[in-house]
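Listed below are the residues making up each chain.
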Amino acid sequence: MPSLTPIVVLVEPQHPGNIGAACRAMANFGASHLRLVNSCDPFHPDAVKFSVGARSLLGEAEHFADLQSALADVHFSVALTRRSGRLRGALLPLEKLGQRLQSVSEDSRVALVFGREDRGLSTEEVALCSQAVTIETRSEIGSLNLAQAVVVTLYEWARRHDETALPQRQQPTQDQFEALFKQLDEL
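First, a word on scope: everything that follows refers to the structure included in this document. (Residues numbered from 1 in each chain as written. Predicted model: local features only at pLDDT ≥ 70, side-chain atom pairs only at ≥ 80, totals over all residues. Heavy atoms only, no water.)

Examining helix H7 (residues 146-159)
Helix length check: H7 (14 residues) gives 20 Å between terminal C-alpha atoms against 20 Å at 1.5 Å per residue, within 8%. Residues of H7 that are buried: Leu 146, Ala 147, Ala 149, Val 150, Thr 153, Leu 154, Glu 156 and Trp 157. Next to the buried residues of H7 lie strand E1 (7-11), helix H1 (16-28), strand E4 (76-80) and strand E6 (110-114). Where H7 begins, one side-chain oxygen reaches toward the backbone nitrogen of Ala 147, 2.8 Å away; that side chain belongs to Asn 145. (Helix = DSSP H or I, 4+ residues; strand = E, 2+ residues; numbered from the N terminus. Expected span 1.5 Å × (residues − 1). Buried < 20%, exposed > 50% of the residue type's maximum accessible area, 1.4 Å probe, protein only. Contact = heavy atoms within 4.5 Å. Polar contact = N/O pair within 3.5 Å; in protein donor to acceptor, adjacent residues only side chain to side chain.)

This is the structure we're talking about:
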């Protein structure tokens, strides 16, 4: 995948331990930008305990009231979801994300968006993202724990880190896309 560093966005995480474990995974794979949307307490003792050597990421996390605000300055966003459906579009397997990111320039901000532990991302939240991606599993259970999904995704990101050459062109932010879509609706 690209040499850029992803922003990890956790939407309404319910268990502080998952926030801490996600921070530990981020530190393991060189990601340092965490955004929390309507989060539980990121300084809960469980979050601190599970963050191990990545405690500083808890204090540096940015907090947002909703996903649209968290993605406003992002150029490309990836919704991690297990659920497919007519309104969610085609789900790209995680291992193909590197190919999809070939059109994203190195100076772009890319966000990896993870949903709630009990129900994931809503259809509306997936629609706010540029691409929906799934981690294919062999189990009937299908979904991973939030922190596990962060680990697997960042591992795949790091594994493909040097395989993709990126073009050098600026891409529009999510806010700029929203303004364009509004103009198209008015037309």
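Picking up where we left off.
Concerning unusual backbone geometry
If you check the backbone angles, Asn 38 has positive phi at about 45° while not being a glycine. Along the chain, Asn 38 turns up in the loop between strand E2 (33-37) and helix H2 (45-51).

Some thoughts on the environment of Ala 127
Secondary-structure assignment places Ala 127 in helix H6 (residues 123-127). Sequence separation of Ala 127 and Gly 89 is 38 residues, and the distance between their C-alpha atoms is 8.6 Å.

A few points about the packing of aromatic side chains
For the structure on display, the rule yields one aromatic pair. Where Phe 29 meets Tyr 155, the ring centres are 6.2 Å apart and the plane angle is 75°; that geometry is what we call edge-to-face. Here the residue Phe 29 occupies a position in the loop between H1 and E2, and Tyr 155 occupies one in helix H7, the gap between them amounting to 126 residues. (Phe/Tyr/Trp six-rings, centres within 6.5 Å; stacked < 30°, edge-to-face > 60°.)

Considering the sheet that holds strand E3 (residues 62-64)
What the seven strands build is an open sheet, ordered E3-E2-E1-E6-E4-E7-E5; its pairing is parallel. Each of the sheet's edge strands pairs with one partner strand only, and the pair in question is E3 and strand E5 (92-93). By the bridge criterion, two bridges tie E5 to strand E7 (residues 131-134) in an arrangement that is parallel. In the sheet register, Pro 93 faces E7, and the bridge partner there is Thr 134. Each of E1, E4 and E6 touches H7; the most contacted strand, E6, lies at about 150° to it. (Pairing = 2+ DSSP bridges. Axes fitted to C-alpha atoms, helices over the stretch in contact; angles between N-to-C directions.)

As for a nonpolar patch on the surface
Where nonpolar side chains cluster on the molecular surface, the patch consists of Phe 29, Val 151 and Tyr 155 and spans about 250 Å² of accessible area. Assessed through its relative accessible area of 44%, Tyr 155 is described here as partly exposed. (Patch = residues over 30% accessible without salt bridge, like charges linked within 9 Å, V, L, I, M, F, W, Y side chains within 5 Å. Areas by Shrake-Rupley, 256 points an atom, 1.4 Å probe, with all protein chains shown as cover. Salt bridge = Lys/Arg side-chain N within 4 Å of Asp/Glu carboxyl O.)

Re H1
Taking 1.5 Å of rise per residue, 13 residues should cover 18 Å, and H1 covers 19 Å from first to last C-alpha, within 8% of that figure. All buried positions along H1 are accounted for by Pro 16, Gly 17, Asn 18, Ile 19, Gly 20, Ala 22, Cys 23, Ala 25 and Met 26. As for H1, its buried residues are in contact with E1, E2, H2, helix H3 (55-60) and H7.

Everything listed here is a matter of coordinates, which is why it stays silent on function.
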